[in-house]
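What the coordinates show
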Amino acid sequence: MIRLSEEEAKKLFGVSGDPEMKPKKKSVVRGKKMPEIKRPVVDFPYPNCPLYFVIATAPRTKKNHSTMVFRKGNRPTVLPSKAYQKYVKEAEACMHDVPRRRINVAMNVKAIFYKDRKQLGDLVGYLQALDDLLVHAGVIEDDNESIIASHDGSRVRYDKDFPRTEVWMERKIKNDA
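Each value, and the rule that gives it
Residues numbered from 1 in each chain as written. Predicted model: local features only at pLDDT ≥ 70, side-chain atom pairs only at ≥ 80, totals over all residues. Heavy atoms only, no water. Helix = DSSP H or I, 4+ residues; strand = E, 2+ residues; numbered from the N terminus. Buried < 20%, exposed > 50% of the residue type's maximum accessible area, 1.4 Å probe, protein only. Contact = heavy atoms within 4.5 Å. Salt bridge = Lys/Arg side-chain N within 4 Å of Asp/Glu carboxyl O. Patch = residues over 30% accessible without salt bridge, like charges linked within 9 Å, V, L, I, M, F, W, Y side chains within 5 Å. Areas by Shrake-Rupley, 256 points an atom, 1.4 Å probe, with all protein chains shown as cover. Phe/Tyr/Trp six-rings, centres within 6.5 Å; stacked < 30°, edge-to-face > 60°. Axes fitted to C-alpha atoms, helices over the stretch in contact; angles between N-to-C directions. Parallel < 35°, antiparallel > 145°, perpendicular 65-115°, else oblique. Left-handed = near helix turned anticlockwise from the far one by under 90°. Nonpolar A, V, L, I, M, F, W, Y, C, P; charged D, E, K, R; others polar. Core = buried A, V, L, I, M, F, W, Y, C linked by side-chain atoms within 4.5 Å.

Let's shift gears to the overall build of the protein. A tally of helices and strands in the protein yields 3 helices and 11 strands. Secondary structure of the protein in N-to-C order comes out as α-β-β-β-β-β-β-β-α-β-α-β-β-β. By residue count, 32% of the 177 residues in the protein fall in the buried class. Taking all contacts inside the protein whose residues are at least 6 apart in sequence as the whole, residues at least 24 apart take part in 76%.

Below, the structure written as structure tokens:
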């Protein structure tokens, strides 16, 4: 974990001005060069401790029980299940005090999923659903490998009385393997 002095933390987290601006990589779309776009570097809001929060609803996966719908021109579109859509609404309500900063630095996201049923669960499915939820809620910018660098320590448990997801997010050190 990276430790910062009070002055560095104030400088990085917007207390004394705007965050640094850094140019995005150049891209080419259909043979045309796109203009360079600058985006703010949004660092992790808590430099000396991990961000911890609890999503107090039973975890659900996104991929199970999807629905195929035909849209304009008879094109098929896959929609997530109603159980997952309900989970997203309940989870976002539980995340009211989580900072919505669209973090875009390398993170380790550790999650312990406490299910309400003893059925076998798919850890990867739960992690994908959590990552998509964090993007949808505006906590992180994207769920690619440069932002969510690892899920070290994540697991699935059973708790019939209080199903929930406990989430820890901490900045990943660059030279950490």
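Of note in this structure, Arg102 is not a glycine but carries a positive phi near 55°. Relative to the assigned elements, Arg102 resides in the loop between helix 2 (82–94) and strand 8 (107–115). Overall, the relative accessible area of 41% leaves Arg102 in the partly exposed class.

Our next topic: the pattern of salt bridges. Taken as a whole and assessed by the stated rule, the structure comprises 7 salt bridges. Across the pair Lys62 and Asp132 runs a salt bridge, and its minimum N-O distance is 3.1 Å. With a gap of 70 residues between them, Lys62 in the loop between strand 5 (51–55) and strand 6 (67–71) and Asp132 in helix 3 (residues 123–136) connect regions that are remote in the sequence. Among the ionic pairs, Asp159 bridges to Arg164, the shortest N-O distance being 2.8 Å. On the accessibility criterion, Arg164 (10% relative accessible area) is buried.

The next thing to look at is a nonpolar patch on the surface. On the surface, a cluster of nonpolar side chains totalling about 330 Å² of accessible area is made up of Met68, Phe70 and Val78. Summarising the element assignment, Phe70 is placed in strand 6.

Under the defined criterion, the tally for this structure stands at 3 aromatic pairs. Taking 5.0 Å as the distance between ring centres and 45° as the angle between the ring planes, the aromatic pair formed by Tyr52 and Trp168 counts as tilted. With Tyr52 in strand 5 and Trp168 in strand 11 (residues 164–171), this pair connects stretches of sequence that are 116 residues apart. For Tyr52, a relative accessible area of 42% puts it in the partly exposed group. Plain terms: the ring middles of Tyr84 and Tyr87 are 6.2 Å apart, the flat faces sit at 45° to each other, and that makes the pair tilted. One end of the pair is Tyr84 and the other is Tyr87, both in helix 2 and 3 residues apart, which spans about a single turn.

Looking now at the packing of helix 2 against helix 3. Between helix 2 and helix 3, the least distance of the axes is 11 Å, while the angle of their chain directions is 55°. Between helix 2 and helix 3, the angle is such that the two are oblique. Regarding helix 2 and helix 3, the two cross each other, and that crossing is right-handed. Contact with helix 2, carried on its side by Tyr84, Tyr87, Val88, Ala91 and Glu92, involves Ala129, Asp132, Leu133 and His136 of helix 3 and no other residues of that element. Of the residues contributing to the contact of helix 2 with helix 3, the split by class is 6 nonpolar, 1 polar and 2 charged.

Attention shifts here to the nonpolar core. Nonpolar side chains tend to gather and get buried jointly when the protein is soluble and globular. Membership of the largest hydrophobic core comes to 28 residues, with the highest contact counts inside it found for Phe53, Ile55, Met95, Leu134 and Met169. Of all the elements in the fold, those that place two or more residues in this core are strand 5, helix 2, strand 8, helix 3 and strand 11. The element best represented in this core is helix 3, accounting for 6 residues. If we skip the residues at most four places from it in the chain, Phe53 touches Met95, Val98, Leu134, Thr165, Glu166, Val167 and Met169.

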